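# Structural characterization, general
Each chain, letter by letter, is given below.
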Amino acid sequence: MKNSVELIGHYGSDQIIACSAWTSTSRELTEEKKSRIPKLIQMLWSDGHETPFEKGSVHFLVNCDIASHIHLLKHRISSLNAESARYKELKDDKFYLPEDWNAKWINRLEIHTCRADFLYHLCLEELTPILGRKRAKESARYFKTYNSQIQSDIMFNMRSFANFLKLRDSDHAQKEIQDIARQMIDLVKNIEGNPFEHTIKAWGY
Ligand SMILES: Cc1cc2nc3c(=O)[nH]c(=O)nc-3n(C[C@H](O)[C@H](O)[C@H](O)COP(=O)(O)OP(=O)(O)OC[C@H]3O[C@@H](n4cnc5c(N)ncnc54)[C@H](O)[C@@H]3O)c2cc1C
C-alpha cells in the first residue's frame, strides 16, 4: 500500500495570525487593515516574529511505514497519537514497498514482510497461553518489519508545520517522509477558501 495522508481538520487563517500580531496594538479590523494582511504576514515571517503563526493549526491522519512514523515522532512540537501493536493485534498486515526499487528486490521484501507477519501472528497465538495476551501482543510485535504501516494522527501549529516542511520537504530527507510532507502541503494549499494562502506564500510555496 502507498503511504497516505488525509487532512482531518484545521484551525485559523492568515487573518487570525495577523490579528494575533496586531494584539500588540489593536485587533480592530477595518477594510484597510485587512488589505495589509498579505504584507504583514510576509514581514512577520521574514523578521522571525513567528509566535502569531502558532495560532493556526493543521491536523492530519497519516498511514505510513514505521520508518516514516519515527521521522514524524522526532517533531516534538506537534501532537501525535498512533495505532499501537501493544494494545491491539495488527490484523491487517499493511505494508509499504518502495516504488523506486526494481522488481527483484520488491519481490524479496514482500516475501520477507509476509513471512515476518506470519511469524508475528503465530508467535502471538502460541505465546498467549504461556505469557497472557497482553505480554504476547506487546512482544510479538518484534517480528514486525520497518515497512509495516500504522496509522497516526498528527497535528502541528503553523509555526511547527513550517519547521517540519523545511526539514522534510527537502532533498536531505528520506524519500518517503518527503512524499508525506508534500502530500501535507498540497492538502493545506487546497483547503476551501485557501485560509493560509499568504502564510504558505511567506514560506516560499
Ligand atoms: C535530514 C535529516 C537527518 C536526520 N538524521 C537524524 C539522525 O541521524 N538521528 C536522529 O536522532 N535524528 C535525526 N534527524 C531528526 C532531527 O535531529 C530532529 O529531531 C527532527 O528533524 C526534528 O526537528 P526539530 O527539533 O527542529 O523539530 P521539533 O522537535 O518539532 O522542534 C521544533 C523547534 O522547536 C525548538 N525546540 C524544540 N525542542 C527544543 C529544545 N529542547 N531546546 C531548544 N529548542 C527546541 C527548535 O527551534 C526546533 O527547531 C534528522 C532529520 C533530518 C531532517
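Our subject in this report is the structure included herewith. None of the values given here were measured: they were computed from a predicted structure.

### Section: the site of the ligand
Residues in contact with the ligand, as listed here, are Lys74, His75, Arg76, Ile77, Asn163, Leu167, Arg168 and His172. Asn163 is positioned with one of its side-chain polar atoms (N or O) 2.9 Å from an oxygen atom of the ligand. Here an oxygen atom of the ligand sits 3.4 Å away from a polar atom, N or O, in the side chain of Arg168. The fraction of the free accessible surface of the ligand (940 Å²) that becomes covered by protein chains is 44%. Of the residues in the shell around the ligand, the class split is two nonpolar, three polar and three charged.

### Here's the deal with the packing of helix H5 (residues 103–131) against helix H6 (residues 133–140)
Helix packing geometry: the angle between the two helix axes and the distance between the axes. Across the interface, H5 lies against H6 with an axial gap of 7 Å and an inter-helix angle of 150 degrees. Comparing the axis directions of H5 and H6 gives the class roughly antiparallel. Crossing angle aside, the handedness with which H5 passes H6 is right-handed. Across from Tyr120, Cys123, Leu124, Leu127, Thr128 and Leu131 in H5, the residues of H6 making contact are Arg133, Arg135, Ala136, Lys137, Ser139 and Ala140. Residue classes in the contact of H5 with H6 are distributed as seven nonpolar, two polar and three charged.

### Quick notes on the sheet that holds strand E3 (residues 79–82)
Taken in spatial order, the four strands line up as E1-E2-E4-E3 in an open sheet, and their pairing is antiparallel. The open sheet has two edge strands with one neighbour each: strand E1 (4–11) and E3. Direction aside, the axes of adjacent strands within the sheet are offset by 15 degrees on average. Alignment of strand E2 (residues 57–65) against strand E4 (residues 149–157), held across nine bridges, turns out to be antiparallel. Within the sheet, the bridge partner assigned to Cys64 lies in E4 and is Ile150. In the packing of helix H7 (residues 158–168) onto the sheet, contacts are made with E2 and E4, and the angle to E4 comes to roughly 125 degrees.

### Some points on the pattern of salt bridges
In total, this model carries 14 salt bridges according to the counting rule given. Notably, a salt bridge pairs Arg182 with Asp169, separated by 2.6 Å at the nearest N-O pair. Taken as a pair, Arg182 in helix H8 (residues 175–189) and Asp169 in the loop between H7 and H8 lie far apart in primary sequence, 13 residues in all. For Arg182, a relative accessible area of 34% gives the class partly exposed.

### Focus on the nonpolar core
Among the nonpolar cores identified, the biggest contains 35 residues, and Phe60, Val62, Phe161, Phe164, Met184 and Val188 are the most heavily contacted of them. Looking at this core, the elements with two or more residues in it are helix H1 (14–22), helix H3 (37–47), E2, E4, H7, H8 and helix H9 (197–202). Element by element, the count of residues in this core is highest for H8, at six residues. Once you skip the residues sitting within four places of it in the chain, Val188 turns out to touch Leu7, Val58, Phe60, Met158, Phe161, Asn194, Phe196 and Ile200. Among the nonpolar cores identified, the runner-up in size contains eight residues, and Leu90, Tyr120, Leu124 and Ile150 belong to it.

### A short note on the side chain of Lys137
Mapped onto the elements of the fold, Lys137 is located in helix H6. Although Lys137 lies buried, it forms no salt bridge, and the closest oppositely charged side chain, Glu89, sits 8.3 Å away as judged by the N-O distance. A polar contact is formed between the side chain of Lys137 and the backbone oxygen of Tyr87, at a distance of 3.0 Å. Leave out the neighbours within four places in its chain, and Lys137 touches Ala85, Arg86, Tyr87, Lys88, Glu89 and Leu124.

### A few points about a nonpolar patch on the surface
On the surface, a nonpolar cluster with roughly 310 Å² of combined accessible area is contributed by Ile70, Leu73 and Tyr146. With respect to the helices and strands, the residue Leu73 is situated in helix H4 (residues 66–73).

### Looking at H7
Among the residues of H7, those classed as buried are Met158, Ser160, Phe161, Ala162, Phe164, Leu165 and Arg168. Looking at the packing, one finds that the buried side of H7 touches H3, E2, H4, E4 and H8. Where H7 begins, one side-chain oxygen reaches toward the backbone nitrogen of Arg159, 2.9 Å away; that side chain belongs to Asn157.

Cut-offs and rules
- Residues numbered from 1 in each chain as written.
- Predicted model: local features only at pLDDT ≥ 70, side-chain atom pairs only at ≥ 80, totals over all residues.
- Heavy atoms only, no water.
- Near = heavy atom within 4 Å.
- Polar contact = N/O pair within 3.5 Å; in protein donor to acceptor, adjacent residues only side chain to side chain.
- Areas by Shrake-Rupley, 256 points an atom, 1.4 Å probe, with all protein chains shown as cover.
- Nonpolar A, V, L, I, M, F, W, Y, C, P; charged D, E, K, R; others polar.
- Axes fitted to C-alpha atoms, helices over the stretch in contact; angles between N-to-C directions.
- Helix = DSSP H or I, 4+ residues; strand = E, 2+ residues; numbered from the N terminus.
- Parallel < 35°, antiparallel > 145°, perpendicular 65-115°, else oblique.
- Left-handed = near helix turned anticlockwise from the far one by under 90°.
- Contact = heavy atoms within 4.5 Å.
- Pairing = 2+ DSSP bridges.
- Salt bridge = Lys/Arg side-chain N within 4 Å of Asp/Glu carboxyl O.
- Buried < 20%, exposed > 50% of the residue type's maximum accessible area, 1.4 Å probe, protein only.
- Core = buried A, V, L, I, M, F, W, Y, C linked by side-chain atoms within 4.5 Å.
- Lys, Arg positive; Asp, Glu negative; His and termini not counted.
- Patch = residues over 30% accessible without salt bridge, like charges linked within 9 Å, V, L, I, M, F, W, Y side chains within 5 Å.

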